[in-house]
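Spelled out from the first residue to the last, the chains are:
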Amino acid sequence: MLLLVQYHSPAPNSIRRHGKKRWKFSPRASSVPSRTQASAFFLFFKLSFTFVFLREFLQLSSDLQRIMEKLSSGEEVGGAGGAYSYNALKRLDQIWSGLRSAPIDPEKIPQVVSRTPGSFPKLQTRSDADPIYDVIVCGGTLGIFVATALASKGLYVGVVERNILKGREQEWNISRKELLELVQVGVLSNDEAEYVIASEFNPNRCGFENKGDIWVQDILNLGVSPAKLLDVVKKRFIALGGALFEARSLSNIAIYDDAAILTLNDGEVLPCRLVIDSMGNFSPIVRQIRGGKKPDGMCLVVGTCCRGFDTNTTSDVIYSSSSAKYIGNSPVQYFWEAFPAGSGPLDRTTYMFTYVDPQGAGPALEDLLEDYWDLMPAYQGTPLEKLEILRVIYGIFPTYQNSPLPAAFDRVLQVGDASGIQSPVSFGGFGSMTRHLGRLSTGIHEAMAGDFLDKESLGLLNPYMPNLSASWMFQRAMSARSNSGVSSTFINELLFANFQSMKKLGDTVLRPFLQDVIQFEPLVKTLGLVMLTQPRILPSIFKQVGVGVILDWSMHFFMLGYFTFLSGFIDPMMRSWVESLPPREKYKWRRYLDAWKYGAGLDYHQE
């Protein structure tokens, strides 16, 4: 869930920050005060300082609120970047605060999905004018891609979206290979894929606190316009016979033996054979399944799109310009991502992000925005007063170790961010959705054809993937922690050592990693080279991530090697046998083969 705010500010440097003020107080030295006078003086000083501090803090919030409220009014859109107000920022901070607080009592979580034994009584009496859908997709921003892929296979699909289905102005950045996945599954044509590209930029940089830069080509080097992309896909979906229910949201789902019955907030009832939950990280169905469990990790993001950058042809995939620091009681290690925007040659998008532990304290997004105003001009080499701020971006991305999320109900399946299929070190699930869309759409179509819609069969579409689970140690290593016993520069030192080793090992090692694909052989080579060239760093790794995390990661590392062996050597020998099996067994074994391939990262092929 990424919320975006757009505004035009004639004086962006008018935001006042209490940290930039200095107050001086010089008491008279003509006489020595009595103890009573000294106590009164210090009390007066404390009250005065507190008053000034609060006044400046309130002034900061007031300035930020005033600027954001200058936005041109407009309807909210679904998904990432759909809200346009200061109140949206406050709501998101409240959600983030709630996630950090004590776990919610599972009994207090609304039960959106319920199971009713037997058949749905009215199913057989419905007329042709009152159809039964094959699939209903809840959540349209990313769900429209799954819906269109399934509609292109001949299924009758509906999409429920709580807003008007349209894309945000802020681009999604992606590699061309990932974009072309949409062409391969029939969601876009080649011409449409070119049409939705708003910007293209090279080369792309990775760097860590002045230790040296690593430059690559064609990695996350496209800016795709969500507004154009969703408009094209929406039209194709409707042309394929899909039904769209906009400005309506899900109230509840009743699962019967022969159907899933959705009730919308306006009272309309939609029967279908399968419900696909694409409502993102904060899906009410996912909340019910996870039972109020706190996330295991969190990525916090703030940023802007600004106009006024004279040098604006390259991008930063990941860059760190400083060591770990504290915001209040919260340790943070900042990273940057930046790329040219498609709205003009001088326009540039800049993200500042950090990984934090939701089990402890964490900074508010407003606190991160205050740091952002201070740090961004130096990072980009452009004074703030020279920039026109077009958009402000902020978001939170919770991640769970138990991912992808197994199906918990018959006839209900999570996809995209709702399933947790995205890498724990990425923010936003568009890239992971495109990579898995072919696998998911084929598997769902086979499940529909064979009526394999029980939770065990659907669970095979969200299998254990060791490459995804192995990524957890990387997020932990990139998260600043209190009392870890390592220096504030350690995270940057560790990352530079890894990236430098991957660069030496070549594109077959570096390029998959930069696109969130973990493979066994490149990982073994990288770890081996780091241990040989930087042995002194190993004790600090244990301090930073913890012995328990490393032991858990070791199991996933072993399974990554095992899945690589299964997909590379066993799969080719089993294919003909699998195709000779009865339908249910064939469906099951095809999903096993998919799990080996994608779980080992072998779906990725060098461009």
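1. Here's the deal with the overall build of the protein
1) Next: Of the regular secondary structure elements, the protein holds 17 helices and 21 strands.
2) Next: Taking the intrachain contacts of the protein between residues at least 6 apart in sequence as the baseline, contacts between residues at least 24 apart amount to 78%.
3) Next: Accessible area for the protein stands at about 25,900 Å²; split by element, carbon and sulfur atoms hold 55% of it.

2. Describing the pattern of salt bridges
1) Next: Under the criterion given, the structure shown has 29 salt bridges.
2) Next: For Arg115, the salt bridge is made with Asp410, and the minimal N-O distance between the two is 3.6 Å. Here Arg115 is found in strand S2 (residues 113–115), whereas its partner Asp410 is found in the loop between strand S20 (388–399) and strand S21 (412–414), with 295 residues between them in sequence.
3) Next: On the accessibility criterion, Asp410 (23% relative accessible area) is partly exposed.
4) Next: Among the ionic pairs, Glu200 bridges to Arg176, the shortest N-O distance being 3.3 Å. Here Arg176 lies in helix H4 (residues 176–184) and Glu200 lies in strand S6 (residues 197–200), a separation of 24 residues in the sequence.
5) Next: Taking the relative accessible area as the measure of exposure, Arg176 reaches 24% and is therefore partly exposed.
6) Next: Among the charged side chains, a network of salt bridges with common partners joins Glu446, Glu579, Arg590, Arg591 and Asp594.

3. Topic: the pairing of strand S3 (residues 133–138)
1) Next: When you tally the buried positions in S3, you get six out of six residues, the bulk of the element.
2) Next: For S3 and strand S13 (residues 269–277), the ladder comprises five bridges, and the chain directions are parallel. Bridge pairing links Val137 to Ile276 in S13.
3) Next: Of the strand pairs in this sheet, S3 and strand S4 (residues 157–161) are connected by four bridges, and their pairing is parallel. Residue Ile136 lies in a different strand from S4, and its bridge partner there is Gly158.
4) Next: Between the parallel pair S3 and S4, the chain is carried across by helix H3 (residues 143–151), and the sense of this crossover is right-handed.

4. Thoughts on the nonpolar core
1) Next: Counting 50 residues, the largest nonpolar core has Phe145, Leu179, Leu188 and Leu229 as the members making the most contacts within it.
2) Next: Residues in contact with Leu229, not counting those within four places in the same chain, are Phe145, Trp172, Leu182, Leu188, Val196, Val224 and Phe430.
3) Next: Ranked by size, the runner-up nonpolar core spans 32 residues in total, among them Leu300, Tyr334, Tyr372 and Val392.

5. Regarding a nonpolar patch on the surface
1) Next: A surface patch of nonpolar side chains, amounting to about 470 Å² of accessible area, comprises Phe558, Tyr562, Phe565 and Phe569.
2) Next: Structurally, Phe569 can be placed in helix H16 (residues 547–579).

6. Re the sheet that holds strand S9 (residues 222–224)
1) Next: Ordered in space as S5-S9-S6, the three strands form an open sheet in which the pairing is antiparallel. Because the sheet does not close on itself, it has two edges, and the strands there are strand S5 (172–174) and S6. Put simply, the sheet's adjacent strands are angled 30° from each other on average, direction ignored.
2) Next: Examined bridge by bridge, S6 and S9 share three bridges and lie antiparallel to one another. Paired with Ser199 across the strands is Gly223, a residue of S9.

7. Here we look at the packing of aromatic side chains
1) Next: A full pass over the atoms with the stated rule returns 24 aromatic pairs.
2) Next: Centre to centre, the rings of Trp553 and Phe557 are 5.0 Å apart; their planes meet at 20°, and the pair counts as stacked. Of the two residues, Trp553 and Phe557 are both situated in helix H16; the distance of four residues between them amounts to about one turn of the helix.
3) Next: Judged by relative accessible area, Trp553 falls into the buried class, the value being 10%.
4) Next: Positioned above the aromatic ring of Tyr319, the side-chain terminus of Arg205 is 3.9 Å from the ring centre.
5) Next: Stacked on the ring of Tyr195, the Lys or Arg Lys228 has its end atom at 4.9 Å from the ring centre.

8. Side note on the packing of H16 against helix H17 (residues 583–599)
1) Next: The contact between H16 and H17 brings their axes to 8 Å, and the two run at 150°. One finds that H16 runs roughly antiparallel with respect to H17. Two packed elements cross with a definite hand, and for H16 against H17 that hand is left-handed. Contact with H16, carried on its side by Leu560, Phe563, Leu566, Ser567, Ile570, Asp571, Met574, Arg575, Trp577, Val578 and Glu579, involves Lys586, Trp589, Arg590, Leu593, Ala595, Trp596, Lys597 and Gly599 of H17 and no other residues of that element.
2) Next: Of the residues belonging to the contact of H16 with H17, the class tally is eleven nonpolar, two polar and six charged.

9. Brief notes about the side chain of Asp417
1) Next: Tracing the sequence through the fold places Asp417 in the loop between S21 and helix H9 (430–450).
2) Next: Despite its burial, Asp417 pairs with no opposite charge; the closest candidate is Arg435, at 9.6 Å N-O.
3) Next: One polar contact links the side chain of Asp417 to the main-chain amide nitrogen of Gly429, over a distance of 3.5 Å.
4) Next: Excluding its chain neighbours within four sequence positions, the residues that come into contact with Asp417 are Gly280, Asn281, Gln422, Gly428 and Gly429.

10. Details of the packing of H4 against H9
1) Next: Where H4 meets H9, the axes come as close as 8 Å, and the angle between the chain directions of the two elements is 45°. By the angle between their directions, the pair H4 and H9 is classed as oblique. Where H4 crosses over H9, the two elements pack in a sense that is left-handed. Contacts between H4 and H9 involve Glu178, Glu181 and Leu182 on the former and, on the latter, Phe430, Gly431, Thr434, Arg435 and Leu437.
2) Next: Split by residue class, the contact of H4 with H9 holds three nonpolar, two polar and three charged.

What counts and how
- Residues numbered from 1 in each chain as written.
- Predicted model: local features only at pLDDT ≥ 70, side-chain atom pairs only at ≥ 80, totals over all residues.
- Heavy atoms only, no water.
- Helix = DSSP H or I, 4+ residues; strand = E, 2+ residues; numbered from the N terminus.
- Contact = heavy atoms within 4.5 Å.
- Areas by Shrake-Rupley, 256 points an atom, 1.4 Å probe, with all protein chains shown as cover.
- Salt bridge = Lys/Arg side-chain N within 4 Å of Asp/Glu carboxyl O.
- Buried < 20%, exposed > 50% of the residue type's maximum accessible area, 1.4 Å probe, protein only.
- Pairing = 2+ DSSP bridges.
- Right-handed = clockwise from strand over helix to strand, strands pointing away.
- Core = buried A, V, L, I, M, F, W, Y, C linked by side-chain atoms within 4.5 Å.
- Patch = residues over 30% accessible without salt bridge, like charges linked within 9 Å, V, L, I, M, F, W, Y side chains within 5 Å.
- Axes fitted to C-alpha atoms, helices over the stretch in contact; angles between N-to-C directions.
- Phe/Tyr/Trp six-rings, centres within 6.5 Å; stacked < 30°, edge-to-face > 60°.
- Lys NZ or Arg CZ within 6 Å of the ring centre and 35° of its normal.
- Parallel < 35°, antiparallel > 145°, perpendicular 65-115°, else oblique.
- Left-handed = near helix turned anticlockwise from the far one by under 90°.
- Nonpolar A, V, L, I, M, F, W, Y, C, P; charged D, E, K, R; others polar.
- Lys, Arg positive; Asp, Glu negative; His and termini not counted.
- Polar contact = N/O pair within 3.5 Å; in protein donor to acceptor, adjacent residues only side chain to side chain.

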